[in-house]
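# Breakdown of the fold
Here is what each chain is made of, one letter per residue.
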Amino acid sequence: MKRTAPLLAITAVLALALSACGASSTESSGSPAADENLLQHVKDSGVLTVGTEGTYRPFSFHEGDQLTGFDVEVIEAVGDQLGVKVEFQETQWDGIFAGLEAERFDVIANQVNVTPEREEKYLLSEPYNFSSGVIVTKSDNNDITSFDSLEGKTTAQSLTSSFHDDAKDAGAKIQAVEGWAQAVTLLKQGRVDATVNDKLTFLDSQTTNPDDGIKIAAESEEKSETVVALKKDQPELRDAINTALDELSADGTLTKISEKYFGEDITK
């Protein structure tokens, strides 16, 4: 009975020690301390954690066991400029922004386009690639030279794509398709007059499977901008990424990566 109090004291001390160990383990798991900004944490840890899909060719995809792609190489080059290693957390697109907010990764590099909603909710880097909507026709088609030319023509479009709306607004008749490959097939068979799509999709297709039977007949004036996305409270890391992107643009690295995947410079 006389050992009860000492035993309780020892137990309490052990519990406190175990609790301290648990706290130390959690703190070293990858999250910055409360008084440490994310840029400093990235530099101290030597790791920039990046959310990306890993299933979105040619931007983020696998060749065998190797994750690669345009966005992957760009953010890895940014990591080199920052002097840190890049580690990827592959995440489905539907959950990628939730993952950022939950701090599962530091940034998103996965063809994040600038929208008013994203500008309001997140910090966005300066753009590192640009794209536009294009009208693709058979190479011998000289009737379609602008979006106005689509009036009364038939275009092959995915019904869930914004390009479907562009074609419809231009007065085109819509033939529903599942994607780019089916659209091109119908186009080459002469069953549709054109397809409206993202210029990067066309360039990627021509890089991987060159086809002189199709061409870009017209291009939209508006361009989408692709950025790295961060949480709103991390301006230091955003500024460091912007500096890295400027340096990579100036020394030709971004152009080199772009030409590898698209056959031309989409970064300016």
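What counts and what doesn't
Residues numbered from 1 in each chain as written. Predicted model: local features only at pLDDT ≥ 70, side-chain atom pairs only at ≥ 80, totals over all residues. Heavy atoms only, no water. Helix = DSSP H or I, 4+ residues; strand = E, 2+ residues; numbered from the N terminus. Buried < 20%, exposed > 50% of the residue type's maximum accessible area, 1.4 Å probe, protein only. Contact = heavy atoms within 4.5 Å. Pairing = 2+ DSSP bridges. Arc of directions from axis to C-beta. Polar contact = N/O pair within 3.5 Å; in protein donor to acceptor, adjacent residues only side chain to side chain.

Tracing the sequence through the fold places Ser 149 in the loop between β7 (129-138) and β8 (154-157). With relative accessibility at 15%, the residue Ser 149 sits in the buried group. Every residue in contact with Ser 149, bar those within four places of it in the chain, is listed here: Asp 143 and Ile 144.

Relative to strand β11 (residues 214-230), strand β5 (residues 107-113) is paired through three bridges, and the arrangement is antiparallel. Across the sheet, Ile 108 pairs through a bridge with Ala 229, a residue of β11. Bridge analysis of strand β6 (residues 123-124) against β11 gives two bridges, and the strand direction is antiparallel. Residue pairing in the sheet places Leu 124 in a bridge with Ala 229 of β11. Relative to β11, β7 is paired through nine bridges, and the arrangement is antiparallel. Bridge assignment links Ser 131 to a residue of β11, and that residue is Ser 224.

In this section: helix α2 (residues 38-45). Buried within α2 are the following residues: Leu 38, Leu 39, His 41 and Val 42. Taken end-on, α2 shows its buried residues confined to a sector of 165°, consistent with a single buried face. Contact partners of the buried residues in α2: β1 (47-52) and α9 (235-250). The distance from a side-chain oxygen at the start of α2 to the backbone nitrogen of Leu 39 is 3.1 Å, and the residue carrying that oxygen is Asn 37. Remark: Gly 46 follows α2 within two positions and exhibits a positive phi of approximately 75°.

Next up on the list: the environment of Leu 254. Tracing the chain through its elements places Leu 254 in helix α10 (residues 253-262). The class for Leu 254 is buried, based on a relative accessible area of 4%. Other than its neighbours up to four places away in sequence, Leu 254 contacts Val 74, Leu 245, Leu 248, Ser 249 and Thr 267.

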